[in-house]
Amino acid sequence: MTRTLRSFLSNRLALAGLVMVLLLALGAVLAPWLTHYSPTQTDFTGLQQAPSSKHLLGTDELGRDIFSRVLFGARVSLVAGLISVSIALVLGGLIGLVAGFYGGWLDNLLMRLTDAMLAFPFLVLAIALAAVLGPSLQNTLIAIGIVTTPVFARLVRGQALAERPRDYVQAAVALGGGDLRILLRHLLPNITGPLIVQVSLSTAAAVLAEATLSFLGLGIQPPTPSWGSMLNAARGYLAYAPWMAIFPGLAIFLAVLAFNLIGDGLRDALDPRTKK
Amino acid sequence: MILFVLRRLVGGLPTLLLVTLLVFALTRVLPGDPATLLLGEEANPQLAAKLREQLGLNRPILVQYGAWLGGLVQGDLGRSIRDNEKVSPIIWQKLPTSLELAFFALAIALLLGVPAGVVAALRRGSATDAGVTVLALSGISIPNFFLGILLVYLFSIRLDWIPPSGYVEPWVDLRKNLLLMLLPAFTLGTALAGAIARFTRNSLLEVLSQDYVRTARAKGLGERIVVWRHALRNAAIPVVTVIGLQLGGLLGGAVITEQVFSIPGFGRLVVDSVFNRDFPVLQAVVLISAISVFLVNVLVDLLYAAIDPRIRYG
């Protein structure tokens with residue numbers, strides 16, 4: 001693992017991604033201390049002001065401070081990314097472990113179902129689910145989590161299938177270890193590498209999906225600041241107040257890019273073929 | 001060949017059947033009753049009951065599924081709740097617009113992605129290579145709607161070169177149609193361009209280290225012929241695969257792109273059906289997108305044979 005870590009840290013792009021995510025997380029956590037403006041406090045004497053020393057990134061159509069909204073929006077975005085991917089990881093991981101470990105008709109059934117879900121375009125399914133569940137933060141997370149689940153199910157099943165005949169698994173079975181114990185204690189730790197890569201890439205996709213759903217008005221509802229809904233509101237004022245669109249847009253872009261960079265770096269670091 | 005296509009299609013039937021089941025479950029099994037969803041929470045209960053009756057919602061769930069499936073097989077996707085129009089003609093009418101958009105997006109993605117990937121592979125480890133890597137990943141990471149808005153700001157508002165949104169049928173005014181397609185196609189194509197560039201680079205690097213490339217060089221062929229004729233052709237398979245895999249992404253991207261540029265296509269129908277609470281239409285568009293992804297993947301398999309003569313389907 002140390003070799004992998006060293007390889008990852010020597011990858012400048014991956015490192016840049018890691019720094020960006022850390023800064024973002026820091027900004028999200030420290031948001032109330034980094035700005036004295038509330039993200040929801042309207043100010044009708046200062047509507048749509050251009051960026052200045054008073055309002056670092058300007059104000060929006062209700063006079064709210066955009067810097068503050070972008071910072072607090074990071075909370076929504078990161079929470080959305082982490083929680084929806086956790087849902088997918090737990091659900092998909094469980095499905096994959098069970099399918100790969102037991103095989104047979106159960107595997108067949110679960111994988112058919114996974115195939116069917118993977119046939120849907122990610123975003124179209126997320127939109128449909130979010131629409132049926134109704135717009136709220138919680139439902140957005142559930143929708144994105146469900147749509148991300150089959151990817152993890154496939155991945156974990158493949159890994160479990162490859163590990164199943166290995167001696168250490170067979171030994172654990174022979175020693176009479178309970179199935180659950182074998183799955184979680186023996187199998188899972190041995191397939192974490194590819195899982196971490198997928199977690200990182202899926203987080204990028206989840207952050208993007210949350211922003212997209214919120215942009216369409218199907219995700220996080222106002223007045224909670226979310227980058228996607230900020231961009232949606234900004235569309236009508238593009239000619240006079242472009243900063244309203246540019247900063248939340250940049251925030252989404254950089255957050256997604258950062259998680260993708262980390263995922264890429266991890267994949268290269270874990271891939272024995274790319275040894276330098 | 002035909003046999004192969006048939007076998008692939010039949011082999012996919014169980015999955016497709018599950019797809020229809022999932023689409024059906026999406027609106028029926030999940031919490032929430034379509035009648036309430038349609039009429040809102042505070043609806044008159046009698047009205048809701050009548051609507052439920054009208055939609056056949058009080059029949060057993062399996063009977064409902066059977067009836068819906070029976071309609072599907074005959075190409076009947078039901079009727080829109082909003083205006084009681086048949087869903088299939090609506091979709092047929094919107095599909096060409098989205099296909100045009102997708103076609104241009106794919107063209108832009110190939111024109112940008114393949115050369116970028118080739119250049120990066122040939123100059124592996126150089127600043128150009130790093131630049132292509134960052135650009136490609138940026139293309140994948142930038143939200144469609146943000147890129148679309150940026151392009152509108154730059155080319156429509158600032159420079160005033162291109163109208164910000166709208167659509168004109170190509171047979172009405174071809175020039176205007178192409179002009180209006182430019183920004184949306186670029187918006188939609190960038191993610192695919194990024195993916196294509198990455199796969200072209202990696203795949204070409206793998207191929208370039210193989211014996212027959214060395215042979216081709218050894219017998220004195222020009223570098224250009226070696227790369228473009230010998231290596232790229234063999235590097236193309238993973239690239240074609242990635243295009244097939246990205247089709248779902250292209251469809252999802254079209255939903256957003258059509259929304260941003262007010263293009264009345266299939267993707268717009270997805271969003272409209274959601275906001276109109278028009279569940280028969282939503283079911284239909286979700287189902288059709290899944291089926292298109294499936295069909296394109298069969299097509300991709302056939303393309304392999306065209307690229308690589310060693311692959312034959314009996």
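Residues numbered from 1 in each chain as written. Chains lettered and ligands numbered in written order. Predicted model: local features only at pLDDT ≥ 70, side-chain atom pairs only at ≥ 80, totals over all residues. Heavy atoms only, no water.

Engineer: I would appreciate a short explanation of the overall build of chain B in the present structure.
Structural biologist: The helix and strand tally for chain B stands at 13 helices and 0 strands. When the elements of chain B are put in sequence order from the N terminus, they spell out α-α-α-α-α-α-α-α-α-α-α-α-α. By principal-axis analysis of the C-alpha atoms, chain B measures approximately 85 × 55 × 35 Å. Counting only residues that meet the buried cut, chain B has 47% of its 314 residues in that class. In chain B, of all internal contacts separated by at least 6 residues, the share reaching a separation of at least 24 is 70%. Accessible surface, chain B as shown: approximately 16000 Å² in total, 64% of it carbon and sulfur. The average position of the 27 basic charges and that of the 20 acidic charges among the side chains of chain B differ by 9 Å. (Helix = DSSP H or I, 4+ residues; strand = E, 2+ residues; numbered from the N terminus. Buried < 20%, exposed > 50% of the residue type's maximum accessible area, 1.4 Å probe, protein only. Contact = heavy atoms within 4.5 Å. Areas by Shrake-Rupley, 256 points an atom, 1.4 Å probe, with all protein chains shown as cover. Lys, Arg positive; Asp, Glu negative; His and termini not counted. Charge placed at Lys NZ, Arg CZ, Asp CG, Glu CD.)

Engineer: Would you explain the domain arrangement of chain B in this entry?
Structural biologist: How big an interface is tends to be expressed through the accessible area that disappears when the partners come together. All names here are of chain B. Here chain B is partitioned into domain 1 (2–73) and domain 2 (91–307). Centre-to-centre separation of domain 1 and domain 2, based on C-alpha positions: 33 Å. On the side of domain 2, 13 residues touch domain 1, which itself brings 16 residues to the contact. Taking both partners together, domain 1 and domain 2 bury about 1500 Å²; carbon and sulfur atoms supply 78% of that area. (Domains from an automatic or database assignment. Buried area = accessible area lost by both parts, 1.4 Å probe.)

Engineer: Hey, could you run me through a nonpolar patch on the surface in this one?
Structural biologist: Residue and element names in this part refer to chain A. On the surface, Val19, Leu23, Leu26, Val29, Leu30, Trp33 and Leu34 cluster together to form a nonpolar patch covering roughly 730 Å² of accessible area. Of all the secondary structure elements, the ones that give two or more residues to the nonpolar patch are helix 2 (12–29) and helix 3 (31–34). Counting residues per element, the nonpolar patch draws most heavily on helix 2, which supplies 4 residues. With respect to the helices and strands, leucine 23 occurs in helix 2. Taking the relative accessible area as the measure of exposure, leucine 23 reaches 56% and is therefore exposed. (Patch = residues over 30% accessible without salt bridge, like charges linked within 9 Å, V, L, I, M, F, W, Y side chains within 5 Å. Salt bridge = Lys/Arg side-chain N within 4 Å of Asp/Glu carboxyl O.)

Engineer: Help me out: how do you make sense of the environment of B:Ile90 in this one?
Structural biologist: All names here are of chain B. Structurally, isoleucine 90 can be placed in helix 6 (residues 87–122). With relative accessibility at 15%, the residue isoleucine 90 sits in the buried group. Between the C-alpha atom of isoleucine 90 and that of valine 172, which follows or precedes it by 82 residues, the distance is 20 Å.

Engineer: Help me out: how do you make sense of the pattern of salt bridges in this one?
Structural biologist: It is possible for side chains bearing opposite charge to pair when their charged atoms get close. This model, assessed by the stated rule, comprises 6 salt bridges over all chains. Where A:Arg154 meets A:Asp115, a salt bridge forms, and the shortest distance between an N and an O atom there is 2.4 Å. With a gap of 39 residues between them, A:Arg154 in helix 7 (residues 137–163) and A:Asp115 in helix 5 (residues 104–118) connect regions that are remote in the sequence. For A:Asp115, a relative accessible area of 25% translates into the label partly exposed. Residues A:Asp264 and B:Arg198 are paired through a salt bridge, measuring 2.8 Å at the closest nitrogen-oxygen approach. Here B:Arg198 lies in helix 9 (residues 174–208) and A:Asp264 lies in helix 12 (residues 243–270), a pairing that spans two chains.

Engineer: Just checking my understanding: could you explain helix 5 (residues 61–73) of chain B for this structure?
Structural biologist: Residues lying three or four places apart along an α-helix face the same way, a consequence of the helix completing one turn every 3.6 residues. All names here are of chain B. Between its first and last C-alpha, helix 5 extends 18 Å over 13 residues, near the 18 Å set by a 1.5 Å rise per residue. Among the residues making up helix 5, those that are buried are Gln64, Tyr65, Trp68, Leu69, Gly71 and Leu72. Buried residues of helix 5, viewed axially, fall in a sector of 155°; they line one side. Within helix 5, the exposed residues directed more than 90 degrees away from the buried face are Leu62 and Val73. A positive backbone phi angle near 80° is found at glycine 75, which sits one or two residues after helix 5. (Expected span 1.5 Å × (residues − 1). Arc of directions from axis to C-beta.)

Engineer: Looking at this model, I keep getting lost on empty space enclosed by the protein. Mind explaining?
Structural biologist: Unfilled space is identified by rolling a water-sized probe across the atoms. Residues and elements named next belong to chain B. If you walk through the whole model with that rule in mind, you get 1 cavity of 30 Å³ or more. Approximately 40 Å³ is the volume attributed to the largest cavity. Along its surface, the largest cavity is lined by Ile162, Pro163, Pro164, Ser165, Gly166, Leu179, Leu180, Leu183, Pro184, Phe261 and Ile263. (1 Å grid on protein atoms, 1.4 Å probe; cavity = no way out; pocket = protein on both sides within 12 Å on 5 of 7 lines; lining within 4 Å. Points joined across faces, edges and corners; volume = space filled by probe spheres on them.)

Engineer: What's the story with the packing of helix 4 (residues 66–102) of chain A against helix 9 (residues 179–190) of chain A in this structure? I'm lost.
Structural biologist: The relative placement of two packed helices is expressed as an angle between their axes plus a distance between the axes. All names here are of chain A. Closest axis-to-axis distance for the helix 4/helix 9 pair is 11 Å, and the angle between their directions is 105°. As the angle between them shows, helix 4 and helix 9 are arranged roughly perpendicular. Note on element contacts: helix 9 touches helix 4 through Asp179, Ile182, Leu183, Leu184, Leu187 and Leu188, opposite Leu97, Phe101 and Tyr102. In the contact of helix 4 with helix 9, the residues fall into 8 nonpolar, no polar and 1 charged. (Axes fitted to C-alpha atoms, helices over the stretch in contact; angles between N-to-C directions. Parallel < 35°, antiparallel > 145°, perpendicular 65-115°, else oblique. Nonpolar A, V, L, I, M, F, W, Y, C, P; charged D, E, K, R; others polar.)

Engineer: Just to check I follow, could you spell out unusual backbone geometry for this structure?
Structural biologist: Outside of glycine, negative phi angles account for most residues, and trans bonds account for most peptide bonds. In this structure, B:Ser262 takes a positive phi of about 50° despite not being glycine. Structurally, B:Ser262 is set in the loop between helix 11 (223–260) and helix 12 (266–275).

Engineer: Sorry if this is basic, but what is going on with the interface of chain A and chain B here?
Structural biologist: In this complex, chain A contributes 41 residues to the contact, which on the side of chain B involves 46 residues. A buried area of about 3800 Å², summed over both sides, lies between chain A and chain B, and 82% of it is on carbon and sulfur atoms. Along the contact surface separating chain A from chain B lie 1 salt bridge. Inspection of the chain A/chain B interface yields 4 residue pairs in polar contact (both at pLDDT 80 or more). Residue assignment for the side of chain A that touches chain B shows that the elements contributing at least two residues are helix 5, helix 6 (122–133), helix 10 (192–216) and helix 12 of chain A. With 12 residues, the single largest contributor to the side of chain A that touches chain B is helix 12 of chain A. Residues belonging to the side of chain A that touches chain B are distributed by class as follows: 31 nonpolar, 4 polar and 6 charged. (Polar contact = N/O pair within 3.5 Å; in protein donor to acceptor, adjacent residues only side chain to side chain.)

Engineer: Hey, could you run me through the layout of surface pockets in this one?
Structural biologist: All names here are of chain B. Put simply, the second largest pocket is a space of about 1300 Å³. Forming the boundary of the second largest pocket are 47 residues, of which Leu247, Ile291, Ser292, Leu295 and Val296 lie nearest the centre. If you list the elements that add at least two residues to the lining of the second largest pocket, you get helix 2 (13–28), helix 5, helix 6, helix 9, helix 11, helix 12 and helix 13 (279–307). Broken down by class, the residue content of the lining of the second largest pocket amounts to 36 nonpolar, 9 polar and 2 charged. A domain split of the lining of the second largest pocket shows at least three residues from each of domain 1 (2–73) and domain 2 (91–307).

Engineer: I tried to follow the side chain of B:Ser138 on my own but got confused; where do I start?
Structural biologist: Along the chain, B:Ser138 turns up in helix 7 (residues 127–141). Aside from chain neighbours lying at most four places away, what touches B:Ser138 is A:Phe253 and A:Leu257.

Engineer: Would you take a moment to explain the packing of aromatic side chains for this structure?
Structural biologist: What characterises a pair of aromatic rings is the spacing of the ring centres plus the angle enclosed by the ring planes. Residues and elements named next belong to chain B. On inspection of all chains with the given rule, the structure shows 7 aromatic pairs over all chains. Here the aromatic rings of tyrosine 65 and tryptophan 68 are separated by 6.5 Å at their centres, their planes lie at 40°, and the arrangement is tilted. Of this pair, tyrosine 65 and tryptophan 68 are both found in helix 5, 3 residues apart, which corresponds to roughly one turn of the helix. With respect to class, tyrosine 65 is no different from tryptophan 68; both count as buried. Relative to phenylalanine 104, the ring of phenylalanine 103 lies with its centre 5.5 Å away and its plane at 65°, an arrangement referred to as edge-to-face. For phenylalanine 103, a relative accessible area of 55% puts it in the exposed group. One aromatic cluster is present, formed by Phe24, Tyr65 and Trp68 through successive ring pairs. (Phe/Tyr/Trp six-rings, centres within 6.5 Å; stacked < 30°, edge-to-face > 60°.)

Engineer: Before we go on, may I ask you to explain the confidence of the model for chain B in this structure?
Structural biologist: Detailed reading of the predicted coordinates is not advisable wherever pLDDT falls low. Residue-level pLDDT values for chain B average 82, and 93% of them are 70 or greater. For this predicted complex, the interface score ipTM comes out at 0.84, while the overall pTM is 0.87. (pLDDT = per-residue confidence, 0-100.)

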